[in-house]
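Structural description and commentary
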Amino acid sequence: LWLLLFTCSFSISGQYPLVTNVTVTEGATANLTCRVEYNDNTSLQWSNPAQQTLFFGDKKALRDNRIELVRASWSELTISISDVSLSDEGMYTCSLFTMPVRTAKAYLTVLGVPEKPEIDGLTKPAIEGDHITLTCITQGSKPAADLRWFRNEKEVKGAKEVNASGKTFTVRSSLQLHVGRNDDGVAYTCRVDHVALTQAPQQATEVLEVHYAPQVEIIHSRAVPQEGQYLKLECVSKGNPSPDPVMWTKDGGELPDLDRMIVEGRELTFTSLNKTDNGTYRCEATNHLGTSSAEYVLYVYDVPTTPPPSTTPPLHPIPPDSTALLGTHASDPTVTGNRDPNAVGQHGTDHALIGGVVAVVVFVTLCLIIVLGRYLARHKGTYLTNEAKGADDAPDADTAIINAEGNHAHAEEKKEYFI
């Protein structure tokens, strides 16, 4: 008895059809499958949302070439619908013809693929300073698509608008632009993001062409031009349309010497400079939006008369003369070593030493002169022998000696004072 009840219960519960919802993109193929766990030779049937029978078992009931049988058995009935359209969307019913009839419903969702977007509102060329509105439109999406703007791969925000059209949606996005010269050559891309776009997003790209007045700059090849040198002046002009050719003038007039001043395209070349080239050179560029110019004041310097010091060291350096070190250490780099030849403190020490030596020599010389003078002055006078002192009125030498001794004894002593 228990076995019989279990068998009947299993038979009743296992005879319910099982289905799943299906989502496909428009134009794809949808497979609808109905299964039962237990079937006692009872037929399965698929019906469309209009309750029209598509297949009863393995027998096709509706004449539609898009609908095909995939698998038919006592436990499964699978059919396919190719080239699915939005009208195929709806509730599909699988029926199991028991007593009573048991059914299961599966919803077929068809995604509307958005069309490739289009960008409107672009004027070619645009003029610098213009205000323009770019509009991107895509139709046929279901659900509504999302539109995104990119400026050279960098996303920018636009204003989105969605309108329903039957089962699909029309999406529009606008982008306001204040056009500048930096927008010239910039690519603006409108990209469509949608669940139906599994491979790659749909997108449209427009490249802006912006016309603007020229801007001029002069670039020179030498910072300090000298007589006899080569000099090139380049007139760099930016504008759209390109301002070709450019015009060169000197001091408000034509170039005076076209043999030495060669104009090639935007370049002015001086083959050999001289003083007559001094002046103001002007480069002027023009297009239909305006004119721009730049000036360069040329002053030709004299060629230096003193050649610059050689930076190449001698092959065999000569050691400095030790007798000449005192006079050359401030200017000879081989003597100073790594010291700064322009340092004031190093010269000052050497000069002080020389001055001290000279002062000592002068002082010693003056002292010797003073001592020698005092010595000579102390021994100045007339010195006589005894004979000479008594020689006056003496007939012979003996008498002279006697007179000298007497005179010396009684003579008044003479004294000398030195100041």
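Residues numbered from 1 in each chain as written. Predicted model: local features only at pLDDT ≥ 70, side-chain atom pairs only at ≥ 80, totals over all residues. Heavy atoms only, no water.

Here we take up the overall build of the protein. If you tally the helices and strands in the protein, you get six helices and 25 strands. A separation threshold of at least 6 residues defines the contact pool for the protein, and within that pool the share at least 24 residues apart is 59%. Entry remark: accessible area of the protein is about 27400 Å², with carbon and sulfur atoms responsible for 55%. (Helix = DSSP H or I, 4+ residues; strand = E, 2+ residues; numbered from the N terminus. Contact = heavy atoms within 4.5 Å. Areas by Shrake-Rupley, 256 points an atom, 1.4 Å probe, with all protein chains shown as cover.)

The next subject is the packing of aromatic side chains. Enumeration according to the criterion identifies three aromatic pairs in this entry. Seen from their ring centres, phenylalanine 56 and phenylalanine 97 are 5.4 Å apart, and the 65° between their planes marks the pair as edge-to-face. Highlighted residues: phenylalanine 56 in strand β4 (residues 53–56) and phenylalanine 97 in the loop between β8 (90–96) and β9 (102–111), separated in sequence by 41 residues. Looking at phenylalanine 56, the relative accessible area reads 35%, which means it is partly exposed. With a relative accessible area of 37%, phenylalanine 97 lands in the partly exposed category. Between phenylalanine 270 and tyrosine 281, the ring centres sit 5.3 Å apart and the planes meet at 85°, which makes this aromatic pair edge-to-face. With a gap of eleven residues between them, phenylalanine 270 in strand β23 (residues 267–270) and tyrosine 281 in strand β24 (residues 279–287) connect regions that are remote in the sequence. (Phe/Tyr/Trp six-rings, centres within 6.5 Å; stacked < 30°, edge-to-face > 60°. Buried < 20%, exposed > 50% of the residue type's maximum accessible area, 1.4 Å probe, protein only.)

The next point concerns the UniProt feature "transmembrane region" (unreviewed entry) in the protein. In the numbering used here, UniProt assigns the "transmembrane region" (unreviewed entry) feature to residues 352–372. Secondary structure content for residues 352–372 is 100% helix and 0% strand, and the end C-alpha separation is 31 Å. (UniProt positions renumbered as here; feature names shortened; annotations may be inferred.)

Under the criterion given, the structure shown has 19 salt bridges. As a salt-bridge pair, lysine 59 and aspartate 58 come within 3.1 Å of each other at their nearest N and O atoms. The partner of glutamate 284 in a salt bridge is arginine 282, with the nearest N and O atoms 3.8 Å apart. For arginine 282, a relative accessible area of 30% corresponds to the partly exposed category. The network of salt bridges with common partners includes Arg35, Arg71 and Glu76. (Salt bridge = Lys/Arg side-chain N within 4 Å of Asp/Glu carboxyl O.)

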